[in-house]
Amino acid sequence: MPETEPCGNERKSELVFFVNGRRVVDQDVDPEMTLLTYLRSKLRLTGAKLGCGEGGCGACTVMVSRYNPTQRKVLHLAVNACLAPICSLHGAAVTTVEGIGSTRTRLHPVQERIAKAHGSQCGFCTPGIVMSMYTLLRNHPMPDMEQLEAAFQGNLCRCTGYRPILEGYKTFTKEFQGCCGGMAGNGCCRNGKTEQAANGHTANGQTANGHTANGDTGNGWNEDVSKELFQVSEFRPLDPTQEPIFPPELMKADGSEQTTLKFVGERVTWIKPATFKEVLELKTKLPHAKLVVGNSEIGVEVKFKNLDYPLIIAPGHLPEINFHKYTEHGITFGAGCTLTYLNDTLAEAINDLPEHQTRLFAAIVEMLRWFAGHQIRNVGCIGGNILTASPISDLNPIFLSAGCTMTVMSHQGGSRVVKMDHTFFPGYRKTALTPEEVMVSLDVPFTKEGEYFMAYKQAKRRDDDIAIVNAAFRVQFEEGTNVIQDIALSFGGMAPTTVMAHNTANKLIGLKWDNDLLPEACSCLEDDLPLPPSVPGGMVEFRRTLTTSFFFKFYLTVQQRLNLKDVPPPYRSACSLYHREPPHGTQMYQEVPEGQAREDAVGRPIMHLSALKQVTGEAVYTDDMPRIQGELYLGLVLSKKAHAKIVSIDPSEALKMAGVEMFVSAEDVPGSNITGPSIMDEEVFASEKVTCVGQIVGAVLADTQAHAQRAAKAVVVQYEDLEPKIITIEDAILYQSFFHPINKIEKGNLEEAFEKADQILEGELRIGGQEHFYLETCAAIVVPHGEDGEMEIFCSTQNPTKTQMLAAKALGVPANRVVCRMKRMGGGFGGKETRTCVISSVCAVAAHKVRRPVRIMLDRDEDMVITGTRHPFLAKYKVGFMSDGRVLALDISLYSNAGNSLDLSRGVMDRALFHSDNVYTIPNVRAVGYVCKTNTPSNTAFRGFGGPQGLFFAECWMSDVAVKCGISQLKVREINMHREGDLTHYNMKLDRCQIRRCWEECLKQSDFHTRRRQVDRFNGENRWKKRGLAAVPTKFGISFTATFLNQAGALVHVYTDGSVLLTHGGTEMGQGLHTKMVQVAGRVLKIPTSRIHISETSTNTVPNSSPTAASASSDLYGMAVKIGCETILQRLEPYMGKGSWDDWVRAAYFDRVGLSATGFYRTPGLEYDMQKNEGRPFNYFCYGAAVSEVEIDCLTGDHTVLRTDVVMDVGDSLNPAIDIGQVEGAFVQGCGLFTMEEQVYSPDGVLYSRGPGMYKIPGFADIPIHFNVSLLRGAPNDKAIFSSKAVGEPPLFLASSVFFAIKDAICSARADAGLKGTFRLDSPATAECIRMACEDQFTAQFPAAEPGSFRPWAIKL
Ligand SMILES: Cc1cc2nc3c(=O)[nH]c(=O)nc-3n(C[C@H](O)[C@H](O)[C@H](O)COP(=O)(O)OP(=O)(O)OC[C@H]3O[C@@H](n4cnc5c(N)ncnc54)[C@H](O)[C@@H]3O)c2cc1C
Ligand code: FES
Ligand code: FES
């Protein structure tokens, strides 16, 4: 490789590092490999997980420890293993989740506490969260709450709603433990508190929300109510002295290494130079060699932008770029200093120096709060951020406005100082440095008296997100005046580079900082920062509005600092910086009845059965299974066109590539290429044409994932575009592209009712789709057994039976030759109900062709492009109502974007139609559902299955009815709310209707009326921050609407040692189904749950299972398990006279009694005829209510959920910890749906939002600050197992209370601007939607371009 010549021909270096105390030496390491791949595939440590591969989810977090010779100490850092190049670990010690504790030895307290606090559901995020916490404790044995929350900025969880994780980990904090953590026992100054904990009170047993410690809420809850989901007294104390020591061998290794290291791989060479001089020499000889420090930019470029860098120089360890020093003018930082180091050093300076000197430092520290997560800040360096020259860099606007200078060096040119001004970034991703130059340091100046500095950022999500727009402003006044002497305004997100509003600044110099300044500045900014309507990134009006809104904030803040009296009090709300209290919450549920047998676990908050394995990394997910002899990896070739004829497929280049074995396509399907989970309208491989981007066209088999994926990209597919290209719902309406028949529910006489109505409301509304974002992407391993066409499929699926059937069809073999086995999923949420079959069938065909085992785990971007999402919906409605608020008639047409195949879209639409009434009795209804066929990936099930969409529209028009009638939102809902015995619009009678109880208890628990007054008062006093309060009820029908699916099987084996192996058709995806089933079996068999085991779900044990979906699995499988266990019990009855369970089992065995039994259950009484509109589509309903309060920033669109109260009806809970976990998890997932998660599609049907970088799900900081959940007491359900109710889906819609609270807050902002009446707000209420709905002088400055006059960058599906 000629490019490496300058480094000499010395031998390849040896990589030496430690993992969990074990020395690892690799003489042939591949520099392209990440630490994560190395751990998982080479060292077989599969605890750290791959969730995204781009530093955005934290599932791969490990702790990296290094000795720092300058600081003379060992530094422990949480790091994303998915972005850490393996060569960067030379001389480091890595600790993974397996290294800190295990179920075989001893759990570490960080593992134990998250498990016992119910903070692990599917468990896929858990090892990463455990390691973030572990690292925090290694650095701060007793952190405070702020540190705790900050530690998780780079971790995501899709299941739990975060509250239980924080609750468990709160117990490590100063706030919880007091001064000594209770270690001083009676001597502890906060002894009372620790005693309380020791008495078994939970961390959440505090009285944050007005509840008393004994659970008496003043609304009827008393002694039989518990708030304890876990016992703090059971927690093992943390003993920091017990942690493993840093390997002494490494104490001198790093930093003092005198030799250059060179690691040479197949395509990439990695050089770790011994001296800085060598770096400069190398850069001169090979100017295009890449410098890499944190790899947080380069890693993403290589993985997702297909950029290749054959030669890497890693200078991060060199002292010349790793230092800080105080100078007369400020602080100079080495370019290689990490962002964490920058933050800590500046924070110290802010503490030590006078305030006026550190205003720039404060702006940097404030910005770093919102800069990525800990894991990225720990590795990403200053030079990396600046020289990537990203137009949305968070630091560059600050450095530009501050006029920072940097020192750069090259071998021939020596050193020079470069000023960061408007010439620094000459073009997209370009800087003023020459390719030979290396940045050495950055001077960050002190500010002076009379100089003010602020920086702002608005992103889709507050934590760990890149900016939509950011800005930094500096102003210097002439001494003792308010006359501007100098001003600098820099912006990110407004052009291909960070830009300075140079003309604006020039115009403002010499002006006074008074009310005349603002209009002048805003008008100049408009000229300085133009954006064409088709600009990449879209959001044109929002981005432009943010520029002036940010400046307005700066203007007021400075004005306030100059002279407080000048800023009218309501305007001060524009100035305050975001501050969030630590989260609190109470969870209340009914205790089991006194006298319930101790070993009977039903109704008790027992821990998820796999929790301990999940927190230690021992739990095995599909891709954690060891490689099988001869196994190959499958790389997919995906369509790049939305609608096109396939002209040719040429795999010849791919077949020549390293490691490649074979190409597979439609021609290789031995059975039928026609497939589909509901009707046969799909293909295993696209054969003649493609109908969406992301459709599977072919696949490449190779020895490794990297080889397979690289080769798949080399397959050349030629297309011929076909018309029409139907992407949006509007396109489908235009072309009448619908799946038929079009279902309709009709009741009463609409015409008459509309005539009778006092008022009529008509409108149109949209709710966007939602990506499942299960942390574990779709994965499968297929093993052909070479005999009779037998094949075994290990698959992360909610639907083993469909996996089996569709693979058998593709293979052309009977179903009895194919077994699907499923141990656990890392989340499903409906996304693995059918779409996984697309992947497993392709894999099965490939395995058949190559006759070897085949593995695949989709990368996050592939998963997001291929597997479909929640359906976007559009509603057109007409509502007739009386002026007192009574709704008489609803005529609603729903349109869903189903994508290119039917999949489950009809069921989704039917459920939306059934839920169009929410909890209201409407006498005359017509609800019609159009399932639109488009050229986008097929959309599918997602928690709620169309319910949330139907319910959302109902709450929207109901809100508008209240506004039109001029009555309160509560009253209009109560007037129309169901009563016992009412008929729904599909004529199902409501019995045991709990909605009014949930509603009233929730209003009371939340102290709604008092808080309504407080919110109104707040809004009267604040112009730019507004609060909103909303209450939302819900009703959710339980059962599959496809009646035949309401059946379930179970298999109970009792072995002669008395242990029980339980199997049923349901799958475990984190929802705790197996835990509940063991509880049920334990009660029926009257044995402790520890005697019962569930190993997996498989099609050869329980056949013909329905998918684990529709929230119905506990009901269905609970009954099947009960029946199976009862059969066993009946057989054991003759032996029960004496002895124990073990004796009965043995006696029965010797008597030749069968100790294996099946259980089968079908839900009785289900039948519904849509034509006649009669029957019972549902077994029963779940009810719930929520009240949420939010605060919005009217100038940026930012929002915070201040408090949420939920009352949920789950019948007699089988397991309150699991049920509360489901309520909270669903709620937070719903918050994502209604406020944050936005799919971004090009007009050509290409998905832009393909990973956590661009698609934001709620993070730790997005949950309600006060989050109180109560399970409705005394509401047994006679229709399901042990009087329980389903819980998975029903609570999700309650998150719309956040949406409606936001709408309420916007109403107040609009009222201040003189705008009254109803207005349209689509879901999700993103920052963009909120800001643009708060119309004011700033939004008015940037009217939208005429639709049709330009081609938008992105469209709504
Ligand atoms: C999940 C995630 C979240 C992120 N969030 C944010 C965010 O909120 N805000 C934001 O602004 N950025 C964000 N980033 C971008 C990135 O983390 C930062 O830009 C970081 O500072 C880059 O530093 P690095 O050391 O990792 O760069 P590397 O990837 O190692 O290098 C980046 C570039 O800098 C060059 N370079 C580095 N040092 C020198 C030097 N001394 N001389 C010359 N060239 C040099 C390299 O050659 C390379 O071209 C995020 C990235 C990820 C993956
Ligand atoms: S897998 Fe590394 S951050 Fe997501
Ligand atoms: S438990 Fe966190 S993603 Fe499932």
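Attention here is on the structure that accompanies the text. (Residues numbered from 1 in each chain as written. Chains lettered and ligands numbered in written order. Predicted model: local features only at pLDDT ≥ 70, side-chain atom pairs only at ≥ 80, totals over all residues. Heavy atoms only, no water.)

1. Observations regarding the sheet that holds strand 22 (residues 644-650)
Note the cut-off: DSSP bridges decide pairing: two strands pair if at least two such bridges lie between them. Each helix is a run of DSSP H or I of at least 4 residues and each strand a run of E of at least 2, with the numbering of both proceeding from the N terminus.
Read across the open sheet, the 3 strands follow the order 26-22-28; overall the sheet is antiparallel. Single-partner strands in this sheet number two, and they are strand 26 (689-690) and strand 28 (716-721). For strand 22 and strand 28, the ladder comprises 6 bridges, and the chain directions are antiparallel. Bridged to Lys645 within strand 28 is Glu720.

2. Topic: helix 29 (residues 995-1006)
An α-helical turn contains 3.6 residues, so a residue and the one three or four places further along point in the same direction. The condition is simple: Each helix should span, by expectation, one fewer than its residue count multiplied by 1.5 Å. Per-residue accessibility, obtained with a 1.4 Å probe over protein chains only, is compared with the maximum for each type, and a residue is labelled buried under 20%, exposed over 50%, and partly exposed between these values.
Between its first and last C-alpha, helix 29 extends 16 Å over 12 residues, near the 16 Å set by a 1.5 Å rise per residue. In terms of burial, helix 29 is a largely internal element, 9 of the 12 residues being buried. Residues of helix 29 that are buried: Ile995, Arg996, Cys998, Trp999, Glu1001, Cys1002, Leu1003, Gln1005 and Ser1006. Where helix 29 ends, the next residue or the one after it, Asp1007, has phi of about 55°, a positive value.

3. Some details on the site of ligand 1
Convention followed: Here, proximity means that at least one heavy atom of the residue falls within 4 Å of the molecule or strand. The definition of a polar contact used here is a pair of N or O atoms within 3.5 Å, where within protein one atom must be able to donate a hydrogen and the other to accept one, and adjacent residues in sequence count solely through side-chain atom pairs. All accessible areas in this document rest on Shrake-Rupley with a 1.4 Å probe, and a residue is counted as covered only by the protein chains that are shown.
Surveying the vicinity of ligand 1 reveals 33 residues, the closest of which are Leu291, Val293, Gly294, Ser296 and Asp394. The contact in question runs from an oxygen atom of ligand 1 to an N or O atom on the backbone of Glu297, over 2.9 Å. Note that an oxygen atom of ligand 1 is positioned 2.9 Å from one of the side-chain N or O atoms of Asn385. Considered on its own, ligand 1 offers 980 Å² of accessible surface; in the complex 92% of this is hidden by protein. Where the shell around ligand 1 is concerned, the elements lending two or more residues are strand 9 (290-291), helix 9 (298-304), helix 13 (382-388) and strand 15 (438-445).

4. Some remarks on the pairing of strand 31 (residues 779-784)
Buried residues dominate strand 31, accounting for 5 of its 6 residues. In this sheet, strand 34 (residues 854-857) lies alongside strand 31 in antiparallel orientation, the contact comprising 4 bridges. Pairing of Ile781 across the sheet is with Arg855, part of strand 34. Across 5 bridges, strand 31 lies against strand 32 (residues 791-795) in antiparallel orientation. Paired with Ala780 across the two strands is Cys795, which belongs to strand 32.

5. Quick word on the sheet that holds strand 15
Cut-off, in case you're wondering: Think of each axis as a best-fit line through the C-alpha atoms, taken over the contacting stretch in the case of a helix, with angles from 0 to 180 degrees between the N-to-C directions. Only heavy atoms matter for contacts: two residues are in contact if any of them lie within 4.5 Å across the pair.
Across the sheet, which stays open at both edges, the 5 strands sit in the order 11-12-15-13-14 with antiparallel pairing between neighbours. Each end of this open sheet is capped by a strand with a single partner; those strands are strand 11 (324-326) and strand 14 (414-419). For this sheet, the mean angle separating the axes of adjacent strands, direction not counted, is 20°. Looking at chain direction, strand 12 (residues 330-334) and strand 15 are connected through 5 bridges and run antiparallel. Across the sheet, Gly334 pairs through a bridge with Ser441, a residue of strand 15. Sitting on the sheet, helix 10 (residues 339-352) touches strand 11 and strand 12, and the angle it makes with strand 12 is about 165°. Contacts from helix 11 (residues 359-369) reach strand 12 and strand 15 within the one sheet, and its direction differs from that of strand 15 by about 120°.

6. What to know about the packing of aromatic side chains
What counts, and what does not: Only Phe, Tyr and Trp rings are paired, with Trp represented by its six-membered ring, and only when their centres lie within 6.5 Å; those with planes under 30 degrees apart are stacked, over 60 edge-to-face, the remainder tilted. Working rule: Lys NZ or Arg CZ, within 6 Å of ring centre, within 35 degrees of ring normal, means a charge sits over the ring.
If you walk through the whole model with that rule in mind, you get 48 aromatic pairs. Seen from their ring centres, Trp513 and Phe554 are 5.7 Å apart, and the 90° between their planes marks the pair as edge-to-face. Of this pair, Trp513 sits in the loop between helix 15 (502-508) and helix 16 (517-528) while Phe554 is found in helix 17 (residues 540-562), placing the two residues 41 residues apart along the sequence. We note that Trp513, like Phe554, is buried. Three or more aromatic residues link up through ring pairs in this structure, and these residues are Tyr452, Tyr456, Phe473, Phe477, Phe491, Trp513, Phe550, Phe551, Phe554 and Tyr555. Lying over the aromatic face of Phe773, Arg860 brings its terminal NZ or CZ to 4.2 Å of the ring centre. Between the NZ or CZ atom of Arg1310 and the centre of the ring of Phe1319, over which it lies, the distance is 4.3 Å.

7. Section: the nonpolar core
A general feature of soluble globular proteins is that nonpolar side chains tend to end up buried together. Threshold: Definition of nonpolar core: a set of buried residues of the types Ala, Val, Leu, Ile, Met, Phe, Trp, Tyr and Cys, connected through side-chain atoms within 4.5 Å.
If you look at the biggest cluster of nonpolar residues, it comprises 274 residues, and the most contacted ones within it are Tyr169, Trp513, Phe551 and Trp957. Those residues within four positions of Trp957 in sequence are excluded, and the remaining contacts are Leu761, Tyr877, Val879, Val887, Leu890, Ile892, Ser916 and Ile922. With 78 residues, the next largest nonpolar core counts Ile86, Ile312, Ile364 and Ile386 among its residues.

8. Topic: the pattern of salt bridges
To keep things clear, this is the line we draw: We count a salt bridge whenever a side-chain nitrogen from Lys or Arg sits within 4 Å of a carboxyl oxygen from Asp or Glu.
Under the criterion given, the structure shown has 73 salt bridges. Residue Glu355 pairs with Arg359 through a salt bridge whose shortest N-O separation is 2.9 Å. A relative accessible area of 10% places Arg359 in the buried class. Through salt bridges that share partners, Arg40, Lys49, Asp623, Asp624, Glu631 and Arg855 make up one connected network.

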